[in-house]
Amino acid sequence: MTPQSAPKVGIVSLGCPKALVDSERIITRLRAEGYAISPDYAGADLVLVNTCGFLDSAREESLDAIGEAIEQNGKVIVTGCLGAEPDVIEKAHPKVLAITGPHQYEQVMGAVHTHLTPPPDPKRDLIPESGLRLTPRHYAYLKISEGCNNRCSFCIIPKLRGDLVSRPIHHVLTEAERLVGAGVKELLVISQDTSAYGLDVKYAVHKWRDRDYQTRFIDLARGLGTLGAWVRLHYVYPYPHVDEVVELMADGAVLPYLDIPFQHASPTVLKAMKRPAKQDRVLERIKSWRAAVPELAIRSTFIVGFPGETEEDFEVLLDFIREAKIDRAGCFKYENVAHADSGELPGHVPEDVKEERWHRFMAAQAEISAARAAAQIGSVQDVIIDASGEAEGEWIGRSKADAPEIDGVVYLSGAPDARVGEIVSAKIHDADEYDLYGMPA
Ligand code: SF4
């Protein structure tokens, strides 16, 4: 139990799963020092807002969240990606107490100490071995690196977060082992560029469980695959070594799921985007992956209306998602992000054209997704249960093809004895565009 007198910090976490992992680390540090976490503004002595600064819409959302925290609580510290631009925050919200950038854990803690006196007697044993997580107990994000060596023209992440810094592989595997020991059933591997893992440390070798592992994507997948949990790989680029990971999928060591942020398919647009990894032969490779692992689900994100994108380029993109049968896709209309190089490119696409292309993309994607969902009817699949449904025996879960928060769900009924975090074998009897309906098999 946390002592009544412990100073309480409220946390507002915005942005991507990577920012969520940062919030979890900060919470772990706060709890380690004896602070309590408040679930609401009213009970908090101070509020920490972890912001996202990637797209203009995310920046707006972050600024709104800071405003709300100031209004509701008054004592606010800002951290995260938008924190890299303190002038923007100070201009909008001069009452903010302190601003720190992404991954500046020490600075965040310093700011908390300044504005909220630390408790005299930290209860270090309050923290579970795995740290504290914001995600439900049965799944956890595993951050393997910070920063990025690529310089995609639309992206300011390298400017905000710096070059790639990989965590040593034995640290990542030990953390994963602890998470699984603490009840986690699904590990979600995240980074800015998972395929580049270890490049900065020249793929250094470390021992884990009496075996040598290189700090490298394939070794990481192998190690994680021994833990008996679902392993889901995010932000993978189609470099040749993905073929090796597909072999692990065929063996059942990691989930048949690849999150590859293609962003586009037209060579001209990809060049203007300065994307890493050659995309030629990508279709061929996707076909060979699917031949090896027929249940493979590919998730991706795309940008439409990038500067210079012509109608022909856009048609190339539509043909690509149809032919590659990209199972799940997020699509964003290009936005000029402050300080991104793409803002200087010629041929900016009018908003109405972006809008029209976005709708055409989403319609094409919905067809692909619906066809995939319909093909699942009659199959028996493992479903991990995330939450209870509305009625007795109803649950909301996910198949191996669905990552939490971003993909579809499986509505399960007739399962009175199931519980959250359990993996249930279910027979799929119905489907709509994105979601499946099933009963215990
Ligand atoms: S790969 Fe490109 S889009 Fe992704 S973080 Fe690095 S620079 Fe940004």
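Details of the structure are given in the entry above.
Residues numbered from 1 in each chain as written. Predicted model: local features only at pLDDT ≥ 70, side-chain atom pairs only at ≥ 80, totals over all residues. Heavy atoms only, no water.

## A word on a negative patch on the surface
A surface patch of like charges, here negative, comprises Glu60, Glu61, Asp64, Glu68 and Glu71. The residue aspartate 64 is located in helix H2 (residues 56–72) in this model. Judged by its relative accessible area of 52%, aspartate 64 falls in the exposed class. (Patch = residues over 30% accessible without salt bridge, like charges linked within 9 Å, V, L, I, M, F, W, Y side chains within 5 Å. Areas by Shrake-Rupley, 256 points an atom, 1.4 Å probe, with all protein chains shown as cover. Salt bridge = Lys/Arg side-chain N within 4 Å of Asp/Glu carboxyl O. Lys, Arg positive; Asp, Glu negative; His and termini not counted. Charge placed at Lys NZ, Arg CZ, Asp CG, Glu CD. Helix = DSSP H or I, 4+ residues; strand = E, 2+ residues; numbered from the N terminus. Buried < 20%, exposed > 50% of the residue type's maximum accessible area, 1.4 Å probe, protein only.)

## Brief notes about the packing of aromatic side chains
What describes a pair of aromatic rings is the distance from one ring centre to the other and the angle between the planes of the rings. Inspection of every chain in the model, using the stated rule, returns 10 aromatic pairs. Both rings, one in phenylalanine 262 and one in phenylalanine 302, keep their centres 6.4 Å apart while their planes meet at 20°; by these two values the pair is stacked. Taken together, the positions of phenylalanine 262 in the loop between strand S13 (257–259) and helix H9 (267–273) and phenylalanine 302 in strand S14 (residues 297–304) put the pair 40 residues apart, joining distant regions of the chain. For phenylalanine 302, a relative accessible area of 0% puts it in the buried group. Counting every residue linked through ring pairs, the aromatic cluster contains Phe262, Phe302, Phe320 and Phe361. Its guanidinium or amino end placed over the ring of tyrosine 213, arginine 211 lies 4.5 Å from that ring's centre, counting from NZ or CZ. Over the ring of tyrosine 203 we find arginine 216, and its NZ or CZ is 3.7 Å from the ring centre. (Phe/Tyr/Trp six-rings, centres within 6.5 Å; stacked < 30°, edge-to-face > 60°. Lys NZ or Arg CZ within 6 Å of the ring centre and 35° of its normal.)

## Considerations on the pairing of strand S17 (residues 395–398)
Both strand S16 (residues 380–388) and S17 contribute to a ladder of 4 bridges, which runs antiparallel. The partner of isoleucine 385 across the bridge, within S17, is glycine 397. In this antiparallel pair of consecutive strands, S16 and S17, the connection spans 6 residues, and glycine 393 shows a positive phi of 80°. Taken together, the 3 bridges between S17 and strand S18 (residues 410–412) define a ladder with antiparallel strand orientation. Residue pairing for S18: isoleucine 396 is matched across the bridge by tyrosine 411. (Pairing = 2+ DSSP bridges.)

## Considering the sheet that holds strand S3 (residues 46–51)
Spatially, the 5 strands line up as an open sheet ordered S2-S1-S3-S4-S5, and their pairing is parallel. The open sheet has two free edges, formed respectively by strand S2 (36–38) and strand S5 (98–99), since each of these has just one partner strand. Relative to S2, strand S1 (residues 8–13) runs parallel, the two sharing 3 bridges. The residue bridging glycine 10 from the neighbouring strand is serine 38, located in S2. Against the sheet, helix H1 (residues 17–32) touches S1, S2, S3 and strand S4 (76–80), its axis set at about 175° to S1. (Contact = heavy atoms within 4.5 Å. Axes fitted to C-alpha atoms, helices over the stretch in contact; angles between N-to-C directions.)

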